[in-house]
Amino acid sequence: MAATETSTSAVAFDVDYTEPWSARVRTLTRLGRHREALSLFRHGDPSPPPDALALPAAVISCAKLHLASGVEQLHALAAKRGLLPSSDAYLLSALLSTYSRLRLLPRAHQLLDELPLASTAPTTARTAFNSLISGCALHALPAACFSLFRRMRAAGVPFDAVTLMALVPAAPLGVMPQLHALAVRSGLAASNSVANCLISVYARGGAALARKVFDGMPAASRDLVSWNAVLSAHAQNGLAVEALELYRRMRGPEGAGVEPDAVTLVGVLSSCAHLGARCVGLDVERYVWERLPGFRANVQLCNALINFHARCGGLPRAQQLFDEMPERSIVSWTALITAYGMHGHGHFAINLFEAMVSSGIRPDNVAMVGLLSACSHAGMHKEGRNYFSAMETTYHLRPTLEHYTCMVDLLGRAGLLDEAQDLIASMPMAADGAVWGALLGACKIHKNVEMGEEAFERIVEIEPNNVGYYVLMANIYTDAGNLDGVAKVRAMMRHRRLKKEPGCSYVEHNGKVHLFMADDHSHPQAKRIYDLVVKLERTVKEKTGGGVVEGITEKSAKAKAAAFPLVGFHSEKLAVAFGLLNTEAGSEIVVIKNLRVCGDCHSFLKTVSALSNRAFLVRDASRFHRFEDGACSCRDYW
DNA sequence: GTAGGGTTAG
């Protein structure tokens, strides 16, 4: 509502006092000045009777002010003057949509039932049905929408693009093929508003069908909304690379001059955050500053910027944007709480959470996930436990699987494996792969083979194709020097044709992405990079005294070689070496990685940060590590 | 003049 008022008041037109009073009522309604509209309608000029032209506007103003009784009065007035049921299409439509907006659906149905369909102009009947169907869609009443649609068709009332635009978002995905076919048969699928609508609805079930509709549109009918809809379809479904590719196409000749707006950029920034694509995101931010001067009033766009910076290593910038926001939503707070959590600053996250609550925002489930995972990354298990129990007692939130996953992770990593196991046993719902996976991860850290085997057994039943858990179990056996265990897991992987997900890391430099896989020699500077890694490894070994690295025994080293014999040069080492060779002394090297950092790379990077007097910021699959002066910000707790 | 399409946080 507020957004409408600001956007309309910015329009450069105002009430023209030479107009007849009924036209002035309409103008005031259009400007969002509903009280003035109604006051003029009532008291403005009593000599001529209320003009039929002013009535629909007055009805709309009543609706905006939630004055149900006012609508009833206007309805009665109109009936007395013989404007109903069908002689004024505009009035009928305004009343129907208003009643349904105000949740007075029986009233709306009554009005529609009074309509003599046989003697009503088809366009009037169509608009009447459209109004009510849209109203039912607004209140998420799909069954009512479709029963009205059936009635409409049975009565021979024609439908149009507006009808479909109300029905399509209300349809369950299973009904979509039929509805889509109907849209095609009626020729309405060619209307770009219907096509855009199809794209956004298909996006709920993945990007593929949404993409198909978009690809099938003639290039000339793709407008900003089409691009936004298809781009967000990919962004929402985790296809960040494709989303950025669409953005690139949109800005090129194919976009035919379509200018991105805030909605586009929210989708693009979310994909940048996902990928760690700093260069693209920074370009977007520049665009925002230059082209969208009012962006601070757009909470979603600011949230997207905060999230982008936070996930791409720009935590201070994220905090700054947050501080400068005139209005914040729970999403703004959650983005920042999560960001501090990912950087291991648990106390900051907790302080922010408390400040959010003090500011009058009641936490939701997502905010609690952010807070609990912040406690987890910082090893703050007492705080985490307290907040977890406060969820129900203080905030009246029922923990979901994700909260249990956080708690199992938090307790397990803190070494409280039995408590973590008890928590799983106490869950009111069945644990999923992620919950057991958190326990398995804790068993890896604390070298508990038996409990790990139990968890692994459950996981294999639930997510037999998730490679990560097999690797984790193999690593538990490896650390225990259990060669039989390693062989068993490898056999299971072979049997299910599962391949270890390759690790990859990348660094952005001069606007280009430099991607490295483990043992990958495809980079043009590969020779220099490998030479540097070898040299650094030698120096590190000398420094740390003959290769005794954090709990690695000879037996476990042997098991490791048996488990994954191919792994030699992990991708993060290559990425850091590239950074050292190509960036100025003193600047921070930011690396994005798809998997977790392994213990060997972790201690390597710590030592190299001291040797080279550089800072490395590494985002791995779960958090940030900042290596500087021989130490890591995670304080070796990850 | 009436009915109306796209967005974010784990």
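Residues numbered from 1 in each chain as written. Chains lettered and ligands numbered in written order. Predicted model: local features only at pLDDT ≥ 70, side-chain atom pairs only at ≥ 80, totals over all residues. Heavy atoms only, no water.

## Some thoughts on the overall build of chain A
Assigned secondary structure in chain A consists of 33 helices and six strands. Dimensions of chain A along its principal axes, counting C-alpha atoms only, are 100 × 50 × 50 Å. Residues classed as buried in chain A amount to 48% of the 638 residues present. A separation threshold of at least 6 residues defines the contact pool for chain A, and within that pool the share at least 24 residues apart is 63%. Total accessible area on chain A is roughly 30200 Å²; 56% of this is exposed by carbon and sulfur atoms. (Helix = DSSP H or I, 4+ residues; strand = E, 2+ residues; numbered from the N terminus. Buried < 20%, exposed > 50% of the residue type's maximum accessible area, 1.4 Å probe, protein only. Contact = heavy atoms within 4.5 Å. Areas by Shrake-Rupley, 256 points an atom, 1.4 Å probe, with all protein chains shown as cover.)

## Things to note about the UniProt feature "domain: DYW" (unreviewed entry) in chain A
Annotation from UniProt places "domain: DYW" (unreviewed entry) at residues 568–638. Along residues 568–638 one finds 37% helix and 23% strand; the C-alpha atoms at either end are 22 Å apart. (UniProt positions renumbered as here; feature names shortened; annotations may be inferred.)

## Topic: the UniProt feature "repeat: PPR" (unreviewed entry) in chain A
As recorded in UniProt, the sites labelled "repeat: PPR" (unreviewed entry) are residues 223–253, 298–328 and 329–363. Structurally, residues 223–253 is divided into 81% helix and 0% strand, and its ends, taken at the C-alpha atoms, are 13 Å apart. When the span residues 329–363 is considered, its composition is 74% helix and 0% strand, and the gap between its end C-alpha atoms is 11 Å.

## Thoughts on the packing of helix α12 (residues 192–202) against helix α13 (residues 208–216)
One can describe the packing of α12 onto α13 by two numbers: an axis separation of 7 Å at closest approach and a directional angle of 165°. Judged by the inter-axis angle, α12 sits roughly antiparallel to α13. As for how α12 packs across α13, the hand of that crossing is left-handed. For the pair α12 and α13, the contacting residues are Ala195, Leu198, Ile199 and Tyr202 in the first and Leu209, Ala210, Val213 and Phe214 in the second. (Axes fitted to C-alpha atoms, helices over the stretch in contact; angles between N-to-C directions. Parallel < 35°, antiparallel > 145°, perpendicular 65-115°, else oblique. Left-handed = near helix turned anticlockwise from the far one by under 90°.)

## Some thoughts on the packing of aromatic side chains
Under the defined criterion, the tally for this structure stands at 12 aromatic pairs. Ring centres 5.2 Å apart and planes at 10° place the aromatic pair Tyr340 and Phe348 in the stacked group. Taking the centre distance of 5.7 Å and the plane angle of 45° together, the rings of Phe516 and Phe578 count as tilted. Of the two residues, Phe516 is situated in strand β2 (residues 512–517) and Phe578 in helix α32 (residues 571–582); the sequence distance between them amounts to 62 residues. Side by side, Phe516 and Phe578 carry an identical accessibility label, which is buried. The rings of Phe353, Tyr387 and Tyr395 are connected pair by pair, giving a single aromatic cluster. Taking NZ or CZ as reference, Lys573 lies 4.8 Å from the ring centre of Phe604, over its face. (Phe/Tyr/Trp six-rings, centres within 6.5 Å; stacked < 30°, edge-to-face > 60°. Lys NZ or Arg CZ within 6 Å of the ring centre and 35° of its normal.)

## Quick notes on the environment of Cys279
Examined against the element boundaries, Cys279 turns out to sit in helix α17 (residues 278–291). For Cys279 and Asn510, which are 231 residues apart along the polypeptide, the C-alpha to C-alpha distance reads 8.5 Å. If sequence neighbours within four positions are ignored, Cys279 has contacts with Glu508 and Gly511.

## Thoughts on helix α23 (residues 381–393)
Here α23 spans 18 Å end to end across 13 residues, near enough to the 18 Å set by a 1.5 Å rise per residue. Among the residues of α23, Gly384, Tyr387, Phe388, Ala390 and Met391 are the ones counted as buried. Seen along its axis, α23 keeps its buried residues to an arc of 160°; they face one direction. More than 90 degrees from the buried face of α23, the exposed residues found are Lys382, Asn386 and Thr393. Where α23 is buried, its residues touch α21 (346–358), α22 (365–377), α24 (401–413) and α25 (417–425). (Expected span 1.5 Å × (residues − 1). Arc of directions from axis to C-beta.)

## Quick look at the pairing of strand β1 (residues 504–509)
In terms of burial, β1 is largely enclosed, as six of its six residues are buried. Burial of β1 is two-sided: the residues Cys504, Tyr506 and Glu508 facing one way and the residues Ser505, Val507 and His509 facing the other way are all buried. The sheet contact formed by β1 and β2 spans six bridges and is antiparallel. The residue bridging Val507 from the neighbouring strand is His514, located in β2. (Pairing = 2+ DSSP bridges.)

## Quick notes on the sheet that holds strand β5 (residues 624–628)
With mixed pairing, the six strands of this open sheet are ordered in space as β2-β1-β3-β4-β5-β6. Strands with a single pairing partner mark the edges of an open sheet, and in this sheet they are β2 and β6 (631–632). Direction of pairing for β1 relative to strand β3 (residues 589–593): antiparallel, over a ladder of two bridges. Bridge assignment links Ser505 to a residue of β3, and that residue is Lys593. Strands in contact with α32 are β1, β2, β3 and β4 (616–619); relative to β1, the strand with the most contacts, it is inclined by about 15°.

## Focus: the environment of Gly370
One can find Gly370 in helix α22. Considering only alpha carbons, one finds Gly370 and Met165, 205 residues apart in sequence, at a separation of 36 Å. With residues up to four places along the chain from it excluded, the contact list for Gly370 reads Ile337 and Thr338.

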